[in-house]
Amino acid sequence: MTEYIHQLPGTDVQAIGGHYTILEEGRMNHGGRILLYWVGVAVVDRSCCGTGGCRFVHVPGYVTAWHNRTRPDGLPVSTVEPVAGERDRKIIKALLDQQYPHSQVSFSDA
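Computed from a predicted structure; not experimentally measured. (Residues numbered from 1 in each chain as written. Predicted model: local features only at pLDDT ≥ 70, side-chain atom pairs only at ≥ 80, totals over all residues. Heavy atoms only, no water.)

1. A closer look at the nonpolar core
- Ranked by internal contacts, the top residues of the largest apolar core, which has 13 residues, are L35, Y37, V57, V59, V83, I92 and L96.
- For this core, the secondary structure elements donating two or more residues are β4 (33-47), β5 (50-70), α1 (86-99) and β7 (104-107).
- Those residues in contact with Y37 that sit more than four places away from it in its chain are E25, G26, R27, M28, V57, H58, V59, P60, L96, Q99 and Y100.
- Ranked by size, the runner-up nonpolar core spans seven residues in total, among them Y4, L36, W38 and F56. (Core = buried A, V, L, I, M, F, W, Y, C linked by side-chain atoms within 4.5 Å. Buried < 20%, exposed > 50% of the residue type's maximum accessible area, 1.4 Å probe, protein only. Helix = DSSP H or I, 4+ residues; strand = E, 2+ residues; numbered from the N terminus. Contact = heavy atoms within 4.5 Å.)

2. Regarding unusual backbone geometry
- The phi angle at H67 is positive, at roughly 45°, despite the residue not being glycine.
- Within the chain, H102 stands out as a residue other than glycine whose phi angle is a positive 65°.
- Positionally, H102 belongs in the loop between α1 and β7.
- On the basis of relative accessible area, H102 is assigned to the exposed category, the value being 82%.

3. Some details on the environment of H6
- Along the chain, H6 turns up in the loop between β1 (2-5) and β2 (12-14).
- When the C-alpha positions of H6 and G32 are compared, they lie 22 Å apart, and in sequence the two are 26 residues distant.
- Every residue in contact with H6, bar those within four places of it in the chain, is listed here: E25, L36, W66, H67, L75, P76, V77 and S78.
- A distance of 2.7 Å separates a polar atom in the side chain of H6 from a polar atom in the side chain of S78. (Polar contact = N/O pair within 3.5 Å; in protein donor to acceptor, adjacent residues only side chain to side chain.)

4. Description of the pattern of salt bridges
- Counting across every chain of the model gives six salt bridges.
- Two residues, D45 and R46, come together in a salt bridge whose shortest N-O distance is 3.8 Å.
- Residue D45 is classed as partly exposed on the basis of its relative accessible area, which comes to 40%.
- Here D73 and R71 are joined by a salt bridge, their closest N and O atoms 2.5 Å apart.
- Given a relative accessible area of 28%, R71 falls into the partly exposed group. (Salt bridge = Lys/Arg side-chain N within 4 Å of Asp/Glu carboxyl O.)

5. Examining the side chain of T79
- Assignment of secondary structure puts T79 in strand β6 (residues 76-81).
- The class for T79 is buried, based on a relative accessible area of 16%.
- Within the local environment of T79, its side chain forms a polar contact with the side chain of N68, the two groups lying 3.1 Å apart.

Note that all results are geometric; they support no functional claim without further evidence.
What follows is the structure, given as structure tokens:
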């Protein structure tokens, strides 16, 4: 189990070569469990190798405790179990591809 710190839509995360912005957070039912994911866009605009960007979906995992605590900065924290099985990851990726076509899908590791 790992803790996931929820971010507000519109949150920008800066990096050396660009940034990404969190667009939305979502949940979906998968195999009788609730799966947490979030959607973002990445922009490479400060790189010596050129510019670019993409939309992506990140899957922290299955929710085991929703908003079970709040950080001092006010952000809620949930407990999640990362998706471990390759078969489940392929199924989830296919479902997310239908909803968010042409997006990169990544998973948190255990």
